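Read off the chains here:
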Amino acid sequence: MSVRTLPLLFLNLGGEMLYILDQRLRAQNIPGDKARKVLNDIISTMFNQKFMEELFKPQELYSKKALRTVYDRLAHASIMRLNQASMDKLYDLMTMAFKYQVLLCPRPKDVLLVTFNHLDAIKGFIQDSPTILHQVDETFQQLTEIYGGLSAGEFQLIRQTLLIFFQDLHVRVSIFLKDKVQNSNGRFVLPVSGPLPWGTKVPGLIRTFNDKGEEVRKVEFKHGGSYVTAPKEGSFELYGDRVLKLGTNMYSVNRPVETHMSGASENLAAQTQESIAPNPLAKEELNLLARLIGGMEIKKPSGPEPGFRLNLFTTDEEEEQAALTRPEELFYEVINIQATQDQQTNEELARIMGEFEISDQPRRSASKGDDLLAMMDEL
């Protein structure tokens, strides 16, 4: 497992989340000023400097439930609200889209180009906000510094870590089903044609060499695909042609998107339902998670900008039906740990939350959810 995977996972899933929210904000005819505020608030929180510093520290991936908690908090960093069913659908769409992109990456290193595609699109959402643009550019520089010098083997380990994270997720997505890149069981169809990874030749020839390095034989074979040589390598610079289209916004053309759990996923969820007994590592993960989401302050709708509810479904009736039919095992509950009794942990969290205060956001009055550990206990 690579300890450099979390930033790539977080940024790419966050990019997919912003694509989906942008599409739904337009589909529900939310006024432009409110829609911009939602995206600006979420992106500003997502790329907060202290938050990024914690994110880029070498560390193991969090569990699916813990990571879901981060995105739940992030999605509510503005005046927009999602109910449980819409949040479930949002997370399903995010994870399946990025899983598909990781599977189709021609080279392990290309997951970095996928990340840059997401960052390029995010910058398009905030063209009128130079401060937030600077935050995104700083994150780009961090990515270049940390990942630019990694070997092919290290990128392969990152890709393998991502695929292990996604391996049990088989949610059917209407866009993928209609485009015939996903089967009815939720598994993706990998193509046997198209551009090859940069630097490789079209398959079809086996060459044999002797112990002196001299070629002694050539054997041709039929590969059964329709491959073409990559025209050029994608740019890893701040501005440039990424060539690779994975990670670009597939919702730019407005079309409804539905999700359904496959039978295999439902059975797996039932088999892997977590015990209510605390995991020995759960408290440590909770503390690390608290460091990550310490910078995310949820705003309470007030004043001249009242909050609004966003629906990820076509109608309210569909959303209500999804909430009723969602398998109980898939509700993202956090293990109940009495971590609030640890005085040292509380003091450390208070310090972290003080450092992570996001500028231009009014502090909330003390309320039931202020202590992060207490808040997670109640989820």
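Here is what the cut-offs are and how they apply
Residues numbered from 1 in each chain as written. Predicted model: local features only at pLDDT ≥ 70, side-chain atom pairs only at ≥ 80, totals over all residues. Heavy atoms only, no water. Helix = DSSP H or I, 4+ residues; strand = E, 2+ residues; numbered from the N terminus. Buried < 20%, exposed > 50% of the residue type's maximum accessible area, 1.4 Å probe, protein only. Contact = heavy atoms within 4.5 Å. Areas by Shrake-Rupley, 256 points an atom, 1.4 Å probe, with all protein chains shown as cover. Pairing = 2+ DSSP bridges. Axes fitted to C-alpha atoms, helices over the stretch in contact; angles between N-to-C directions. Parallel < 35°, antiparallel > 145°, perpendicular 65-115°, else oblique. Nonpolar A, V, L, I, M, F, W, Y, C, P; charged D, E, K, R; others polar. Phe/Tyr/Trp six-rings, centres within 6.5 Å; stacked < 30°, edge-to-face > 60°. Lys NZ or Arg CZ within 6 Å of the ring centre and 35° of its normal.

An unreviewed UniProt entry lists the chain under the name Protein OSCP1, from Neophocaena asiaeorientalis asiaeorientalis.

Regarding the overall build of the chain
Each helix and strand in the chain was counted, giving 14 helices and 8 strands. Considering the chain as a whole, with its 379 residues, one finds that 47% of them fall into the buried category. For the chain, the share of sequence-separated contacts (at least 6 apart) that also reach a separation of at least 24 residues comes to 81%. Working note: accessible area of the chain is about 19,100 Å², and carbon and sulfur atoms make up 52% of it.

Details of the pairing of strand S5 (residues 215-220)
Counting buried positions over the 6 residues of S5 gives 0, only a small fraction of the element. Pairing between strand S4 (residues 205-209) and S5: 5 bridges, direction antiparallel. By the bridge assignment for S5, isoleucine 206 is matched with valine 219. Where S4 folds back on S5, the antiparallel hairpin that results is connected by 5 residues, among which glycine 213 adopts a positive phi of roughly 80°.

Some details on the packing of helix H1 (residues 6-27) against helix H2 (residues 32-46)
As a packed pair, H1 and H2 sit with axes 10 Å apart at the nearest point and diverge in direction by 170°. Judged on the interaxial angle alone, H2 and H1 are roughly antiparallel. Between H1 and H2, the contacting residues are Phe10, Leu11, Gly14, Gly15, Met17, Leu18, Leu21, Asp22 and Leu25 on the first element and Ala35, Val38, Leu39, Ile42, Ile43 and Met46 on the second. Looking at the contact of H1 with H2, its residues break down into 12 nonpolar, 2 polar and 1 charged.

Focus on the packing of aromatic side chains
Inspection of the entire model under this criterion finds 11 aromatic pairs. When the centroid spacing of 5.4 Å and the interplanar angle of 20° are considered together, the rings of phenylalanine 10 and tyrosine 71 count as stacked. Residue phenylalanine 10 is located in helix H1, and its partner tyrosine 71 is located in helix H4 (residues 64-75); the two are separated by 61 residues in the primary sequence. Ring plane angle 45° and centroid distance 6.3 Å describe the contact between tyrosine 71 and tyrosine 91, whose orientation is recorded as tilted. Placement of tyrosine 71 in helix H4 and of tyrosine 91 in helix H5 (residues 84-104) is noted, with a sequence separation of 20 residues between them. The same class applies to tyrosine 71 and to tyrosine 91, which are both buried. Each residue in the set Phe10, Phe51, Tyr71 and Tyr91 is aromatic and connected to the rest through ring pairs, giving one cluster. Taking NZ or CZ as reference, lysine 64 lies 5.0 Å from the ring centre of phenylalanine 165, over its face. The ring of phenylalanine 236 is capped by lysine 109, whose NZ or CZ atom sits 4.6 Å from the centre of that ring.

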